Amino acid sequence: MWQDSKQRYGTFSKLLHWGMAILFLQQFFKFAGRINDNQHWLGNTFGPWHGSVGSLLLLLVIVRLVWAFSQRRQRPSTAGSLGLLAKLGHGVLYACMLAMPLTGIAFMLGNGYGLTTFGMQWVAKSPDTIPWLAMLGNLHSPLAWLFVLLVLGHIAAALGHHWLLKDNTLKRML
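Per an unreviewed UniProt entry, the chain carries the name Cytochrome B and comes from Thiopseudomonas alkaliphila. What UniProt records for the chain under Cofactor (unreviewed entry) is the sentence "heme b". What UniProt states about the chain under its Subcellular location (unreviewed entry) heading is, verbatim, "Cell membrane".

Draft legend 1. Inspection of the packing of aromatic side chains at higher detail. In this structure the tally under the stated criterion is six aromatic pairs. Ring plane angle 55° and centroid distance 6.0 Å describe the contact between Phe28 and Phe147, whose orientation is recorded as tilted. Highlighted residues: Phe28 in helix α1 (residues 11-28) and Phe147 in helix α6 (residues 140-165), separated in sequence by 119 residues. A residue is classified by how much of its surface remains accessible, and Phe147, at 2% relative accessible area, is buried. With a centroid separation of 6.0 Å and an interplanar angle of 35°, the aromatic rings of Phe107 and Tyr113 are classed as tilted. On the basis of relative accessible area, Tyr113 is assigned to the partly exposed category, the value being 43%. One aromatic cluster is present, built from ring pairs that chain together Trp2, Phe12 and Trp67. The lysine or arginine in question, Arg72, covers the ring of Phe69, its NZ or CZ lying 3.9 Å from the ring centre.

Draft legend 2. Quick peek at the packing of α1 against helix α3 (residues 50-70). Relative to each other, α1 and α3 sit at 155°, their axes nearing to 10 Å. The pairing of α1 with α3 is recorded here as roughly antiparallel in orientation. In this structure, the crossing between α1 and α3 has a hand that is left-handed. Across the interface between the two elements, Phe12, Ser13, Leu16, His17, Met20, Leu23, Phe24, Gln26 and Gln27 of α1 pack against His50, Val53, Gly54, Leu56, Leu57, Leu60, Val61, Val63, Arg64 and Trp67 of α3. Among the residues forming the contact of α1 with α3, the class breakdown is 12 nonpolar, six polar and one charged.

Rules of the game
- Residue numbers here run from 1 along each chain, matching the order of that chain's written sequence.
- Owing to the predicted nature of the model, reporting of local features is limited to residues with pLDDT of at least 70; listing and counting of side-chain atom pairs is limited to 80 or more, with chain, interface and lining totals taken over all residues.
- The basis for every side-chain value is the complete set of non-hydrogen atoms in the structure, without hydrogens or water.
- UniProt positions are given in the numbering used here, feature names are shortened, and annotations may be inferred rather than shown by experiment.
- Stacked, tilted and edge-to-face are the three classes assigned to paired rings of Phe, Tyr and Trp, where Trp is represented by its six-membered ring and a pair needs centres within 6.5 Å; plane angles under 30 degrees give stacked, over 60 edge-to-face, the rest tilted.
- Segments assigned H or I by DSSP are reported as helices when at least four residues long, segments assigned E as strands when at least two residues long, and all are numbered from the N terminus.
- Exposure categories follow from relative accessible area, calculated using a 1.4 Å probe and restricted to protein chains: below 20% of the type maximum is buried, above 50% is exposed, and the middle band is partly exposed.
- Both a distance and an angle decide whether a charge sits over a ring: NZ of Lys or CZ of Arg must be within 6 Å of the ring centre and within 35 degrees of the ring normal.
- An axis is simply a line fitted to the C-alpha atoms; with a helix, the fit covers only the stretch in contact. Between two such axes, the angle follows the N-to-C directions and lies from 0 to 180 degrees.
- Roughly parallel here means an angle under 35 degrees, roughly antiparallel means over 145, roughly perpendicular means 65 to 115, and every remaining angle is called oblique.
- Left-handed describes a crossing whose near helix is turned anticlockwise from the far helix through less than a right angle; right-handed describes the clockwise counterpart.
- Only heavy atoms enter the contact rule, under which two residues are in contact if any of them lie within 4.5 Å.
- Following the grouping adopted for this structure description, the nonpolar residues are Ala, Val, Leu, Ile, Met, Phe, Trp, Tyr, Cys and Pro, the charged ones are Asp, Glu, Lys and Arg, and the polar ones are all others, Gly among them.

Structure below.
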């Protein structure tokens, strides 16, 4: 079933969710670059792909938002205060998923690094900086740490639904 239903998420929603989860996990390896003065193998292996994968994730987030909006009447929902908390949590997750690549792009452009993704140069390097854009780009790293906490909270909530509340919340996305 490609479309979502009131009982479970459809194939396309699941592909977006789990595919993006794998890509975000790859993005988190950039944190390994902060270990041992950028000499950690994880950061060295996956770090060079960070900007390209981040740009891909920006496109996927937009696709996911459009898809979620188109499926809003038939998606599974949770009633009551837990439903409101889930909507708030997902809203903050989506805001971070949009803000992180945008602030990453702002950092690159604001500091004159240019923008290259998957080997294609979109904006050339420049000796000029754009201070306000660079300042906006400085939010990228704190947002990344916030996003890690939100993802851990999302995982904890899903496991809590499964093991403590014993409802079908987790099964809807599996």
